[in-house]
Amino acid sequence: MKLYCLSGHPTLPCNVLKFKSTTIMLDCGLDTTSVLNFLPLPLVHSPRLSKLPSWVSKDGTINLEKELKECAGRVFVDSQPEFCLPERELLDLSTIDVILISNYHCMMALPYITEHTGFTGTVYATEPTLQIGRLLMEELVNFMERVPKAQSATCWKNKEIQRMLPGPLKDAVDVWTWKRSYSMQEVNSALSKVQLVGYSQKVELFGAVQVSPLSSGYSLGSSNWIIQSHHEKVAYVSGSSLLTTHPQPMDQSSLKNSDVLILTGLTQMPTANPDGMLGEFCSNLAMTIRAGGNVLVPCYSSGVIYDLLECLYQFIESANLGTTPFYFISPVANSSLEFSQIFAEWLCHNKQSKVYLPEPPFPHAELIQTNKLKHYPSIHGDFSSEFRQPCVVFTGHPSLRFGDVVHFMELWGKSSLNTIIFTEPDFSYLDALAPYQPLAMKCVYCPIDTRLNFHQVSKLLKEVQPLHVVCPEQYTQPPLTQSHRSDLMLELQPPPMPYRRCSVLNLPFRRRYERVYILPELANSLVPSEIKPGVSMATVSAVLHSKDNKHTLQSVPKPPPAPPSKKRKRVMEEPPVVLAPKPLLSGAVPLEAFLVTLQKAEDTLIQLEEDGTHIVCDNNEPLRTTLRDLVLRFLQKL
């Protein structure tokens, strides 16, 4: 059993497991942190960004005026943003049989895998994962296509040039694997290969293994996966949460007795309490609105935003924010809000019960009905005529490099009354703000990450007790900024097996058994003998038949009878034993010829007369007796 690690991002994993003649990809996350090296894509022409000076090296030897721009003391690539793809050279991706998706954030690289590698397999995901993943991909494509850039910057990627650039471009890794966004056609083609599954549903792969998704408690439809044969069990834990939020709670019991547990997707903010961050979010929002400022919340179009809106629903009246408009701007805003209400069976019990009252599971439905929350596909159209301030705007993208958020950064960044509140933990807020400096608006960092922290995962592993744990190497050592915090790492016995991008691990267990079936008629013919109390044994002669990784013992077939040969073949064998002739004659004997033959013998005479027959033998009584008997038998036949 081998594990190929194609991504170096611990919360956006992409691994390939080879297990019992099957090749299984576990997630295909897209590392979008690479876009922080690019200039923002403004929806409306920005004089500031268009007049940025080109970067030239101090000695003047490197001048990439069409590719690199200098902004606020840093150098950015002036091109369409590119993403860091999973490694595609470590193994032949066309040999992958299936792809298992754990949540919608971990499937964003799917079109790169299914459309450009010769992939012919099947993708398994839950329905919310598929539908919300489609929305996120559609949103990403829309962000890119509505602000196209003709030029494509590639010269700066030359190794000799890159090492001469200032940081962080100088330190960017695998830049030649960075690619532009896919198209909507590629998205639709990739998602057509997805087969929907439900929690605890068992899917058999070629008769070799069974895979089954379990609720992970992180987001709508998010899953952990069990991959097992008759005698081995592998658990894949990715993006799980034990907190009581809107999804179904995490299924922990099914993870027990695993030979290997592959652990990814722990919280990126182990020291930040999500409940505390929500409280800080609400208090900073209220403080800004009361002072007459606007609040900008860069966020994804699904996930944490549901919890933010629910928190604000409870907070609005007590904070006297009833007249403050809330805007949710995204190409898929309407679909996202509707999907959250119709996936009732994927929600926690408390929200499921509301459906039967009937009430909407999420309170943002009431916010929409009372016009406190309004959603728009973009800043153009109806939004521009209905927009009023002060207000709260939820929009994307959290990287601040594309989407409607770029317009609001240019619009509100110059006023200290306004506040930007970061809630998504995927990006460094300082790097996200870098191309907008100097910035007058206040910045608040309230990362809300509900995934497992190190204390929770240590407790979980003690309960499920896997034989071996495999995890990203980042989890085996404290963060660089807090090297003294040994509690922010995994300390297990035996120690976990770490992996990094492009590593190949031989997982530490061997297959020792295989299940073999025996046909009933063959089983009936066995005669077991008791060799000790409770244990019997029987010898068996059979034929082993293997098909689709299922092995069956069948009775030995009887050899077919040899067909009659048309040609007589001479067989060189030992001469057969000559048996005494039977004393029986039948049929007519030609008398004349018989007598002539007998008369040639000098010592024998048979004389036939009308009233008698005489046999004369000189000195040979046995012969005479034999001839007499023969003649009598012939005469009786006549």
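Residues numbered from 1 in each chain as written. Predicted model: local features only at pLDDT ≥ 70, side-chain atom pairs only at ≥ 80, totals over all residues. Heavy atoms only, no water.

**Considering the overall build of the chain**
Counting secondary structure elements, the chain contains 17 helices and 31 strands. Scaling as 2.2 N^0.38, a compact globule of 638 residues should have a C-alpha radius of gyration of about 26 Å, whereas the chain reaches 43 Å, well beyond that. Taking the principal axes of its C-alpha atoms as reference, the chain extends roughly 160 × 65 × 50 Å. Taking all 638 residues of the chain together, the buried fraction comes to 49%. The long-range share in the chain, meaning contacts at least 24 apart out of those at least 6 apart in sequence, stands at 72%. Total accessible area computed for the chain in this model is approximately 32300 Å², and 53% of it derives from carbon and sulfur atoms. Averaging the locations of the 57 positively and 61 negatively charged side chains of the chain gives two centres separated by 3 Å. (Helix = DSSP H or I, 4+ residues; strand = E, 2+ residues; numbered from the N terminus. Rg over C-alpha atoms; globule rule 2.2 N^0.38 Å. Buried < 20%, exposed > 50% of the residue type's maximum accessible area, 1.4 Å probe, protein only. Contact = heavy atoms within 4.5 Å. Areas by Shrake-Rupley, 256 points an atom, 1.4 Å probe, with all protein chains shown as cover. Lys, Arg positive; Asp, Glu negative; His and termini not counted. Charge placed at Lys NZ, Arg CZ, Asp CG, Glu CD.)

**Comments concerning the pattern of salt bridges**
Under the definition given, this model contains 15 salt bridges. In this structure, K149 and D78 form a salt bridge, with 2.3 Å as the shortest nitrogen-oxygen distance. With a gap of 71 residues between them, K149 in the loop between α3 (127-145) and α4 (159-162) and D78 in the loop between β5 (74-77) and β6 (83-84) connect regions that are remote in the sequence. A network of salt bridges, in which partner residues are shared, links E87, D174 and R501. (Salt bridge = Lys/Arg side-chain N within 4 Å of Asp/Glu carboxyl O.)

**A few points about empty space enclosed by the protein**
Tallying each qualifying case throughout the model produces four cavities of 30 Å³ or more. Estimated volume of the largest cavity: approximately 280 Å³. Residue lining of the largest cavity: 27 residues in total, with H105, Y218, V304, E424 and R451 positioned closest to the centre. A per-class count over the lining of the largest cavity returns nine nonpolar, 13 polar and five charged. Summarising the domain contributions, the lining of the largest cavity has at least three residues from each of domain 1 (2-41 + 80-148 + 159-267 + 451-506) and domain 2 (274-445). Considered as a void within the structure, the second largest cavity measures approximately 200 Å³ in volume. (1 Å grid on protein atoms, 1.4 Å probe; cavity = no way out; pocket = protein on both sides within 12 Å on 5 of 7 lines; lining within 4 Å. Points joined across faces, edges and corners; volume = space filled by probe spheres on them. Nonpolar A, V, L, I, M, F, W, Y, C, P; charged D, E, K, R; others polar. Domains from an automatic or database assignment.)

**Re unusual backbone geometry**
Residues G396 and H397 are joined by a peptide bond in cis, for which omega reads 15°. Relative to the helices and strands, H397 is located in the loop between β19 (392-395) and α12 (405-412). In this structure, the amide linkage connecting Q437 to the following residue, P438, adopts the cis form with an omega of -5°. Mapped onto the elements of the fold, P438 is located in the loop between α13 (429-433) and β21 (442-445). Located in the positive-phi region is D174, a residue other than glycine, with phi close to 55°. With respect to the secondary-structure elements, D174 resides in the loop between α4 and β9 (178-179). Backbone geometry at N257 places phi at a positive 60°, although glycine is not the residue there.

**Some remarks on the UniProt feature "domain: Beta-Casp" (unreviewed entry) in the chain**
The sites that UniProt annotates as "domain: Beta-Casp" (unreviewed entry) are residues 305-433. From the first C-alpha to the last, residues 305-433 spans 21 Å; its make-up is 40% helix and 12% strand. (UniProt positions renumbered as here; feature names shortened; annotations may be inferred.)

**Focus: the domain arrangement of the chain**
Entries for the chain in the domain assignment read domain 1 (2-41 + 80-148 + 159-267 + 451-506), domain 2 (274-445) and domain 3 (585-637). One C-alpha centre belongs to domain 1, the other to domain 3; they are set 109 Å apart.

**A closer look at the sheet that holds strand β29 (residues 550-555)**
In sheet architecture, strand pairing relies on hydrogen bonds along the backbone and comes in two forms, parallel and antiparallel. What the three strands build is an open sheet, ordered β25-β29-β28; its pairing is mixed. Of all strands in the sheet, those with a lone pairing partner are β25 (516-518) and β28 (542-547), marking the two edges. The average angle at which neighbouring strand axes cross in this sheet is 30°, direction not considered. The pairing of β28 with β29 spans six bridges and is classified as antiparallel. What sits directly across from V543, in β29, is Q554. (Pairing = 2+ DSSP bridges. Axes fitted to C-alpha atoms, helices over the stretch in contact; angles between N-to-C directions.)

**A closer look at the nonpolar core**
One recurring pattern in soluble globular proteins is that nonpolar side chains are buried together. By size, the foremost hydrophobic cluster in this structure holds 108 residues, and its most contacted members are M25, I99, L110 and F394. Both of domain 1 (2-41 + 80-148 + 159-267 + 451-506) and domain 2 (274-445) provide at least three residues apiece to this core. Discounting residues that sit within four places of it in the chain, I99 has contacts with M25, C28, L110, I113, T114, F119, T122, V123 and Y124. Counting 26 residues, the second-largest nonpolar core is a separate cluster that includes C5, I24, V260 and V470. (Core = buried A, V, L, I, M, F, W, Y, C linked by side-chain atoms within 4.5 Å.)

**A few points about the packing of aromatic side chains**
In this structure the tally under the stated criterion is 19 aromatic pairs. For the pair Y327 and Y376, a centre-to-centre distance of 6.1 Å together with 50° between the ring planes defines the contact as tilted. You can see Y327 sitting in strand β17 (residues 326-329) and its partner Y376 sitting in strand β18 (residues 373-376), a full 49 residues away along the chain. In terms of burial, Y327 and Y376 fall into one category: buried. Centroid distance F383 to F387: 5.0 Å. Interplanar angle 40°. Geometry classified as tilted. On the accessibility criterion, F383 (4% relative accessible area) is buried. (Phe/Tyr/Trp six-rings, centres within 6.5 Å; stacked < 30°, edge-to-face > 60°.)

**Description of helix α6 (residues 274-290)**
With 17 residues, α6 should cover 24 Å at 1.5 Å per step; its first-to-last C-alpha distance of 24 Å lies within 8% of that length. Here α6 has its buried residues at P274, M277, L278, F281, C282, N284, L285, A286, T288 and I289. Just beyond α6, the residue with positive phi is G292, at close to 90°. (Expected span 1.5 Å × (residues − 1).)

**Some details on the layout of surface pockets**
Taken as a whole, the largest pocket holds about 1700 Å³ of empty space. Around the largest pocket, the lining comprises 48 residues; the ones closest to its centre are H9, P10, T33, Q268 and Q474. Tallied by class, residues from the lining of the largest pocket come to 23 nonpolar, 16 polar and nine charged. Two domains share the lining of the largest pocket, each providing at least three of its residues, namely domain 1 (2-41 + 80-148 + 159-267 + 451-506) and domain 2 (274-445).

**Some words on a nonpolar patch on the surface**
On the surface, I531, V535 and M537 cluster together into a nonpolar patch covering about 270 Å² of accessible area. Mapped onto the elements of the fold, M537 is located in strand β27 (residues 535-537). (Patch = residues over 30% accessible without salt bridge, like charges linked within 9 Å, V, L, I, M, F, W, Y side chains within 5 Å.)

**Topic: the packing of α3 against helix α5 (residues 184-191)**
Packed helices, taken two at a time, are described by the angle between their axes plus the distance between the axes. It is at 10 Å that the axes of α3 and α5 come closest, and there the two elements cross at 165°. With respect to each other, α3 and α5 are oriented roughly antiparallel. In this structure, α3 crosses over α5, and the sense of that crossing is right-handed. Here L130, R134, M137, E138, V141 and E145 of α3 come into contact with α5, specifically with M184, V187, N188 and L191. Partitioning the contact of α3 with α5 into residue classes produces six nonpolar, one polar and three charged. (Parallel < 35°, antiparallel > 145°, perpendicular 65-115°, else oblique. Left-handed = near helix turned anticlockwise from the far one by under 90°.)

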